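Working through the structure, step by step
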2 protein chains.
Amino acid sequence: MEVIRSNFKDNLNKVYEAIEESDFLAIDGEFSGISDGPSVSALTNGFDTPEERYQKLKKHSMDFLLFQFGLCTFKYDDAEEKYIMKSFNFYIFPKPFNRNSPDVKFVCQSSSIDFLANQGFDFNKVFRNGIPYLNQEEERQLREQYDEKRSQANGAGSLSYLSPSSAKCPVTIPDDQKKFIEKVVEQIEDLLKNEESESLELEPCTGSVSEITYLLKNVFILKERYIVISKVDEEERKRREQQKQAKEQEELNDAVGFSRVVHAIANSGKLVIGHNMLLDVMHTIHQFYCPLPDDLSEFKEVTSCYSFSKLIPFIINNTSLAELEKRLKEVPFSPPKVESAEGFPSYDTASEQLHEAGYDAYITGLCFISMANFLGSFLSPRKNHVSARSKLVEPFFNKLFLMRVMDIPYLNLEGPDLQPKRDHVLHVSFPKEWKTSDLYQLFSAFGNIQVSWIDDTSAFVSLSQPEQVQIAVNTSRYAESYRIQTYAEYVEKKHEEKQAKRKCTEDSWKEMERKRLKTQCTPYVSQSRYYCVNSFTGTSTVGKRSMSPIEEETGSDDMEEGEGQDPENDQTDSCVESLSDGKKRAKKLKKVKTEQAPAGKCSAYAHGFLFCLKVPSQNTWD
Amino acid sequence: MEVIRSNFKDNLNKVYEAIEESDFLAIDGEFSGISDGPSVSALTNGFDTPEERYQKLKKHSMDFLLFQFGLCTFKYDDAEEKYIMKSFNFYIFPKPFNRNSPDVKFVCQSSSIDFLANQGFDFNKVFRNGIPYLNQEEERQLREQYDEKRSQANGAGSLSYLSPSSAKCPVTIPDDQKKFIEKVVEQIEDLLKNEESESLELEPCTGSVSEITYLLKNVFILKERYIVISKVDEEERKRREQQKQAKEQEELNDAVGFSRVVHAIANSGKLVIGHNMLLDVMHTIHQFYCPLPDDLSEFKEVTSCYSFSKLIPFIINNTSLAELEKRLKEVPFSPPKVESAEGFPSYDTASEQLHEAGYDAYITGLCFISMANFLGSFLSPRKNHVSARSKLVEPFFNKLFLMRVMDIPYLNLEGPDLQPKRDHVLHVSFPKEWKTSDLYQLFSAFGNIQVSWIDDTSAFVSLSQPEQVQIAVNTSRYAESYRIQTYAEYVEKKHEEKQAKRKCTEDSWKEMERKRLKTQCTPYVSQSRYYCVNSFTGTSTVGKRSMSPIEEETGSDDMEEGEGQDPENDQTDSCVESLSDGKKRAKKLKKVKTEQAPAGKCSAYAHGFLFCLKVPSQNTWD
């Protein structure tokens, strides 16, 4: 169902109801851009820590607009053994609702816009009919404005305008309005004396209506640009006051707009599914709740305090949503049984409508169902339907996939993140003319290596054997054109530099910059200069649905496919770690898996393997 | 005529021809926003210097996209005594044309977008069908890329791939591709030996095609993802090379796109008319030529070196384009005789299509014709048609209206700017609770004053009598809550602060920030901190066509109307100055005017008065 400004209010209860009755929700967002850095690929390095990734996305991606939000609710019908789904495709735009409302500026990235345009995305619908929204601070401010106006009206007393000197804020009436005001006062006094006349229409006023109304608040009602003054008794006054308050509340609700849907999702406590969901979650918090906090640990607190407590991300490698959906219809998975609810249009997965947020949310939900049900196949007796509430699913709660990080598969929203050993990783600096082939040549003695570009003049190089790390460092000791250090040394030095730089520059411009720049940029700039001076020519690339197919040469052709540097190779270790300090509640599942999981790297990925595609080839499962 | 990506190339000659044959051109732009500062009104203070205004617009307005460009050409038909006009409405969008093309980020301001949406602006047309463009630097880079590719192809020689060690950039073939390459080399050697076979189709290659093609450049032609290798003789090779070069040139032209129209306008040397044209000119330079220079004097050089040498701005107060057009149909003006050229759609001024750039350009042209012809009414004998080439018009060349600056009517592109005395102006600082009424009260002893807000806690206050300035400063000497200084003192202090701050912070972060931020922001930030720390709550507001009607309470309802603080009051002095150092060539006109111009302030505005509306009331001219 398409939801725009004009039909939003009428359908809001339908949305609430769908959320309330659902077993789980799937969401997806379309954005006006992905990265405002000089290059998209700068966003992801294979050895980003979760904190670094968070900071990069926060700094380079939050100025874009989330302008289409897909919500798909899924409710299981036990009798019919199928899911009933309701899909909503919301168009969103921060239309200013009055003179005092925030005039939002957002960035568009031409590659993303061009990509969406090619998909037939309807920008006119967004800009002409998008549903407005307010974040919590804006909502609070607007509420305060209304409250203030009301208390002014109530507190001004009956005729205090006659003695402005006694009022708390004396108002100086400009010379050119003195006559007008004097006449009004005279006319009002006449009106009050005269029992026959009930109201009084003033001449069009030249001056500031608001100033005059402020003076006369309690005794007149404004009608367009004319001022009509009516006598009202206390009861009538109260009735009108209540009317006004109800109207104000409605205006407030209208202004909060789409944020009400997000609040409903958050407050429902329902399981929320997304595909590569980190960016969606960050944008949702940023746009509809509050500016993103300075660091990852605070972000985790925010997500928990806003009740986004049951996000399940898919942990997916090298697979677009469309590919994924196709794959999950095949053995060993089974295609999910899903039907549209009555009155809701159904999507046809055969004729793809990818990159409409509502459709993408729908597909995401389908994938989840297939995956969850697949989990049931490991039980004995086999279970064909695994509910979203099943214990089997819990181990995957609150883990957001970290695209293209080699050895940290996910960001853990509900606890500390994995800290993989990086004792096989080197940090190499070199002249900016160097290419990947130069690095291959330099390390030719060390067998297979993997290169993760950081910027023009540095990269991480991971060796296959940690023991060789020190040898590499030693041999480079007297090299002039390049420099090699261990990952540990690199981290240490970076930390020191950060501290020093912060001290030096913080006082002089941080405060001012904070005012000038959009809030979310500043803290990061001052803390992590490192990323600012880099010139972003890495090889890995973040993927997101609104990404353009036009990419750096070093990037992939289709972002959806997420062709990285074979992240699986290095995921093994960390996943074992994640297991060893992992969830007790997953024990049962683990046991099943240890018995049945196929050999190879994927099996080492423990309870993550369910959602870990490339799906093992079919015959592995026979 | 609507020009979009798909019909741009076909109509380009029509555009060139229209420009070439025209007597003058009118232009107009629509933007994705006006000001990215926290408030639009911060952009204009009544006492901005031209340099300050330039810096503000540069800092706060250049990240927006000029996405519709109106061009209307006017050619006078002497026989028929009427103008023939051709109107073009170009949709513009920086569509990335390949992997290496710039991925432009631009800002949208929701109030501006909402305003345009309400006018029926077609965003889909912009984003789906907008004509791409390159600025001069981007064009140069692209040209270099092609040149480099070509010289690589020519210089690589016939079979140098066989001995990579002798090549300038040795290429290391990755292990996994070695077999493939070896096989290719074998196959090619066979092909060369075998006189019967003419070409060779390779297996689909898994590795980087570009790396392989680089090696084999001169002996094969690429077909999609397969590699086909053909034997070619020298003649065939040259023919293909020429074909390729022609294709590259066409690709280059396509990428330069709309900039070619701007170049044609600039190079034509024709008179270019605009309405409140400063922002249009700045955006045009910024988007299609080069980032705006650091200061105003350089900007003036750029405009002259790009041959934008005959801009005539309208100097208009308190009048929207629509109002202006209506007014200029009435006595003492006469409605211009204009017809659309054959094959060009005509605009109907009765059913307004304002805020389509093409239409606005058309109206702008009409206004110019009325005004220019009106000039002829002062000659004896009276002249009904004054050509765009007339000496009468010259005094208005290259003066860009400075909206809402009280005492500097225009920015002079071809010389130093006016420097009005500001000896009646005070700079007042006060607690942020203060309102305009507090300032009226504070200065109540000094008669009529005018307040120009700078920020929350300061404003310029102009007194009617300069002699009172010192009295005001003296009486405030012991005041605690506020502080008064003369304009001269204020300027002096600001200058000192700037110097000091620049020194302190420049080294530590300027370089880095330059990289991070869009280029045009940086220099200004470091030079004029002053504007950064202000919080922008002034009363005056800049006006521009894409401005939303929703505005700050202190701003005006309709930006087009440009309701400021009655700028005429203070324009008198400066205009007399501008006269005294003014253009000799305007002498004749001046004489006429001194005799005939009506009494009052407007007459003192000398040769500016023609374009100075409010137009004097009709009976003045009888």
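Description of the structure in this document. Here the structure is a predicted model, which means the values were calculated and not measured. (Residues numbered from 1 in each chain as written. Chains lettered and ligands numbered in written order. Predicted model: local features only at pLDDT ≥ 70, side-chain atom pairs only at ≥ 80, totals over all residues. Heavy atoms only, no water.)

**Overview of the overall build of chain A**
Inclusion rule: Think of it this way: any DSSP run of H or I at least four residues long counts as a helix, any run of E at least two long counts as a strand, and we number them from the N terminus. For each residue, the accessible area found with a 1.4 Å probe, counting protein chains only, is set against the maximum for its type, and the residue is called buried under 20%, exposed over 50%, and partly exposed in between. What makes two residues a contact is simply this: any of their non-hydrogen atoms within 4.5 Å. Shrake-Rupley sampling with a 1.4 Å probe provides the accessible areas, and residues are treated as covered by the protein chains on show and by no other component.
When helices and strands are tallied, chain A shows 21 helices and 17 strands. Burial analysis of chain A (622 residues in total) assigns 56% to the buried set. Taking the contacts inside chain A whose residues are at least 6 apart along the sequence as the reference set, 74% of them involve residues at least 24 apart. About 27200 Å² of surface is accessible on chain A, with carbon and sulfur atoms providing 48% of the total.

**Thoughts on the pattern of salt bridges**
Residues and elements named next belong to chain A. We count it as follows: The working definition used for a salt bridge is a side-chain nitrogen of Lys or Arg within 4 Å of a carboxyl oxygen of Asp or Glu.
Under the criterion given, the structure shown has 48 salt bridges over all chains. The shortest N-O distance in the salt bridge between Glu 80 and Lys 82 comes to 3.8 Å. Note on Lys 82: relative accessible area 15%, which makes it buried. The salt bridge involving Asp 417 is made with Lys 300; its shortest N-O contact spans 2.7 Å. Of this pair, Asp 417 sits in the loop between strand 13 (410-412) and strand 14 (425-429) while Lys 300 sits in helix 11 (residues 296-305), and the two are 117 residues apart along the sequence. Judged by relative accessible area, which is 17%, Asp 417 ranks as buried. By relative accessible area, which is 12% here, Lys 300 ends up buried.

**A closer look at the pairing of strand 14 of chain A**
Residues and elements named next belong to chain A. We count it as follows: One requirement defines pairing of two strands: DSSP has to find at least two bridges between them.
Taking burial as the measure, the five residues of strand 14 include four buried ones, the bulk of the element. Bridging between strand 14 and strand 16 (residues 458-463) involves five bridges; their strand directions are antiparallel. Of the residues in strand 16, the one forming a bridge with Ser 429 is Ser 458. Of the strand pairs in this sheet, strand 14 and strand 17 (residues 483-486) are connected by four bridges, and their pairing is antiparallel. Bridged to His 427 within strand 17 is Gln 485.

**Considering unusual backbone geometry**
Residues and elements named next belong to chain A. Residue Ser 380 is joined to Pro 381 through a cis peptide bond whose omega torsion reads 0°. Positionally, Pro 381 belongs in the loop between helix 13 (357-376) and strand 12 (399-401). Its identity is not glycine, yet Asn 398 carries a phi of approximately 60°, on the positive side. Looking at where Asn 398 falls in the secondary structure, it is placed in the loop between helix 13 and strand 12.

**So, the sheet that holds strand 17 of chain A**
Residues and elements named next belong to chain A. Test applied: Interaxial angles span 0 to 180 degrees and are taken between N-to-C directions of axes, which are lines fitted to C-alpha atoms, for helices over the stretch in contact.
An order of 15-16-14-17 is seen for the four strands of this open sheet, with the pairing classed as antiparallel. The sheet is open, and its two borders are formed by strand 15 (449-455) and strand 17, each paired with just one other strand. For this sheet, the mean inter-axis angle between neighbouring strands, taken without regard to orientation, is 25°. On top of the sheet, helix 15 (residues 468-475) reaches strand 14, strand 16 and strand 17; it is set at about 150° to strand 17, its chief contact.

**Focus: helix 15 (residues 468-475) of chain B**
Residues and elements named next belong to chain B. As a reminder, the rule being used: The directions from the helix axis to the C-beta atoms are what the arc is built from.
Within helix 15, burial applies to Gln 468, Val 469, Ala 472 and Val 473. Angular distribution of buried residues about the axis of helix 15 spans 140°; they occupy a single face of the element. On the buried face of helix 15, the contacting elements are strand 14 (425-429), strand 16 (458-463) and strand 17 (483-486).

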